[in-house]
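# Architecture at a glance
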Amino acid sequence: MTTQDAQRRFHGGDSHENSTFSVEQSPASKTPLMENEDYGGGGGGGGGGGDSDDTFQTVEMLFQDKEVPSWREQLTIRAFVVSFILGVLLTFTVMKLNLTTGIIPSLNVSAGLLGFFFVKTWTKFLEKAGMLKQPFTRQENTVIQTCVVATSGIAFSGGFGSYLFGLSSAVAKQTTETDAAQNTKDPSLSWIIGFLFVVSFLGLFSILPLRKIMVIDYKLVYPSGTATAHLINSFHTPLGAKLAKKQVRTLGKFFSFSFLWSFFQWFFAAGDECGFSSFPSFGLKAYENRFYFDFSAVYVGVGMICPYLINISVLVGAILSWGVMWPLIKARKGDWYAADLSDSNLRGVQGYRVFVSIAMILGDGLYNFLKVLGKTIKGFIKQYKNKEVMPVTARGSPEQSSNSYDDEVRTKLFLKDGIPVWASIVGYVGIAIISISTVPQIFHQMKWYYVLVIYIFAPVLAFCNAYGCGLTDWSLASTYGKLAIFAIGAWAGEAHGGVLVGLAACGVMMNIVSTASDLMQDFKTGYMTLASPRSMFVSQIIGTAMGCVISPCVFWLFYKAFADLGSPDSAYPAPYALVYRNMSILGVEGFGSLPQHCLTLCYIFFAVAIVINLLRDTVLRKWAKYIPLPMAMAIPFYLGPYFAIDMCVGSLILFIWGKKNKAMADAFAPAVASGLICGDGIWTLPTSILALAGIQPPICMKFLSRAANAKVDTYLSS
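Figured I'd write up the structure that's included with this text. Model, not experiment: these values are computed from the prediction.

This part covers the overall build of the chain. When you go through the chain residue by residue, the secondary structure sums to 29 helices and two strands. Evaluated residue by residue, the chain yields a buried proportion of 60% over its 718 residues. Considering only intrachain contacts with a sequence separation of at least 6, the fraction spanning at least 24 residues in the chain is 83%. Just so you have it, the chain exposes about 27,900 Å², and 64% of that area is on carbon and sulfur atoms.

Turning our attention to the state of the cysteines. This structure, assessed with the given rule, holds one disulfide. Across the disulfide from C274 sits C700; the S-S distance is 1.9 Å. Linking C274 and C700, the disulfide has an S-S dihedral of approximately -60° and is accordingly described as left-handed. In this pair, C274 sits in the loop between helix 11 (238-266) and helix 12 (284-288) while C700 sits in the loop between helix 28 (684-692) and helix 29 (706-717), placing the two residues 426 residues apart along the sequence. Relative accessible area serves as the criterion here: at 41%, C700 is assigned to the partly exposed category.

With their axes 7 Å apart at the nearest point, helix 13 (residues 297-305) and helix 26 (residues 642-660) run at an angle of 55° to one another. Here helix 13 is positioned oblique relative to helix 26, judged by the angle of their axes. When the axes of helix 13 and helix 26 are compared, the crossing they make is right-handed. On helix 26, the residues that touch Y299, V300, V302, G303 and M304 of helix 13 are F643, D646, M647, V649, G650, S651, I653, L654 and W657. Looking at side-chain class alone, the contact of helix 13 with helix 26 contains 10 nonpolar, three polar and one charged residues.

A separate point is a negative patch on the surface. On the surface, D272, E273, D564 and D569 cluster together into a patch of negative charge. Here D564 is to be found in the loop between helix 21 (533-561) and helix 22 (575-589). Judged by relative accessible area, D564 falls into the partly exposed class, the value being 37%.

This part is about the nonpolar core. If you look at soluble globular proteins, the nonpolar side chains tend to sit buried side by side. In terms of nonpolar packing, the biggest core is built from 197 residues, with M214, F443, M446 and Y455 touching the most fellow members. In terms of residue count, the dominant contributor to this core is helix 20 (residues 498-529) (18 residues). Excluding residues within four positions of it along the chain, M446 makes contact with V439, P440, V451, I454, V501, A504 and A505.

What follows covers unusual backbone geometry. The backbone of R290 shows a phi angle near 65°, a positive value even though the residue is not glycine. Secondary-structure assignment places R290 in the loop between helix 12 and helix 13. Overall, R290 belongs to the partly exposed group, its relative accessible area being 21%.

Definitions and cut-offs
Residues numbered from 1 in each chain as written. Predicted model: local features only at pLDDT ≥ 70, side-chain atom pairs only at ≥ 80, totals over all residues. Heavy atoms only, no water. Helix = DSSP H or I, 4+ residues; strand = E, 2+ residues; numbered from the N terminus. Buried < 20%, exposed > 50% of the residue type's maximum accessible area, 1.4 Å probe, protein only. Contact = heavy atoms within 4.5 Å. Areas by Shrake-Rupley, 256 points an atom, 1.4 Å probe, with all protein chains shown as cover. Disulfide = S-S within 2.5 Å. Axes fitted to C-alpha atoms, helices over the stretch in contact; angles between N-to-C directions. Parallel < 35°, antiparallel > 145°, perpendicular 65-115°, else oblique. Left-handed = near helix turned anticlockwise from the far one by under 90°. Nonpolar A, V, L, I, M, F, W, Y, C, P; charged D, E, K, R; others polar. Patch = residues over 30% accessible without salt bridge, like charges linked within 9 Å, V, L, I, M, F, W, Y side chains within 5 Å. Salt bridge = Lys/Arg side-chain N within 4 Å of Asp/Glu carboxyl O. Lys, Arg positive; Asp, Glu negative; His and termini not counted. Charge placed at Lys NZ, Arg CZ, Asp CG, Glu CD. Core = buried A, V, L, I, M, F, W, Y, C linked by side-chain atoms within 4.5 Å.

Pasting the structure below:
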């Protein structure tokens, strides 16, 4: 839960980067948390400050008459059954977002709400039947939340819309590589599942011994984990449960609407550029430059979850690129690039779209990497000066007179179920040995010593990412992945499959640093809901294992159902697959294949991204909120403005709703947005099955100019 002032969480573009851009603390209040109006807010985004704030001091007093179950009792069969169902639902949703634009908002609210609803319904039914053996607790709710997020998180860190699909020949044929054959590996269910199993668990063991330092000693905020804990705590009070029931009902209504709307649209999409998704809302000329509203419920929902600044930044980037730059560059056709090249050729205008976008992403990523690294070092220095660095083991705990009742209760239970350091070391080393011997069997160009070097440096980078995420809610998983692309890809070299090696190394690195920060967020949530660290860790392991099977199966369904997956003109263009592959090509082959003046533009926009970020961090906050974000601006450079318009429609709906009834908007907007996103997302399951069965939509609704329509009429009459 967050106040409306808090920026909502956003997984921008290809990464967990760009999570919460600023986090405002809720003002201190003597009102218990459960009676506040801060039920809405955003998708797991930034929430208040430390857990010793006066706002939260009464939380554990409200629960003091309820016995805390043991860590084994928190891990129930019903929890994992519900987690599996919700994991499949959210994986379809994340996968669709991955393969369309790459913009993935946090779905923590929907996971928390639906988890609470399913198990509460389950236990109520058993209670009426006289068969209830164990009541539903907030600790079990936290286990479900952790498991679901871990499961659906693999759909992101697995690279199905970025590095992993970037290995395919479907993406490789869109590039200008001189030797693409040795740098491609087409998707196969067996090797994808195997690869994810050997790389997805290392991050969990790498950060496990530091849980006490991060959560108790350093008291890192982890805004998303804190917000999720407040949400779960509120569900298990009478007032919170009543509100949650209304939110679930609202989510269900908009889920049904979104699903049925997608079903209705399907009937009119029998061919290319057919249906509501190709509706020329602003005229045919604007449509040619991808300015149109495509009636997508999912991106209207995304717009309601993402902060206003994100949506405006995306729109500004769309206008700058598709409204100004690309038309001007097209006018230089025959001068800057060959006149006979199609718009989708990387040696033509497509090259400018892709590589200028990459330049902005790299500029933004480099700036924020250095920024978070600086904050991390500053935090270390501050801790050292204050002599607050504590041992890793649970034998001692900080003696601070300012600890509240809540802190004392939570710290006692958090340290009670410790996980031995030797278990972390054995787990990391054991899985690393298996991975070092297995990954080269999957990717023959990936030598064992490349993997070994990654695993030597990975724990340090995982710690830096988890620490930075605790300070800023900003995970730089994909930035570390990009560093691996350039470092390991260049080491392998062009002659030895460096492009493939770079992408595979990106996958190894991203999985480690991403799961490490996610686990620490979950430990923070567990700390604030009195869930045992052991149950959190086991839930994360089980959720990750489920994700390693569910995500590849869902991706495989897309891959087999849609033959044009990854094509620029497809309904599922997977834009970041091409972006990541071209990053790897740049790291190995250099800049020789770029169109004329493209490198100059890349330098300019790389610098522009850094300058914009500097401006945002140096001007007063009241002005900084009007300066667009470079990462968000870069996303439409390649894709086009259509989804930006959808997102701005979502923002407009939220803005008007907030003006009319702020309390209702705060409470129910996340539920409405989650329903719109999940309903449209789950529609991809039946549409994929229909495509596999060879069942096509019966109608093509297409829009033509008057002149083109006259020609068609003349042709048909003859």
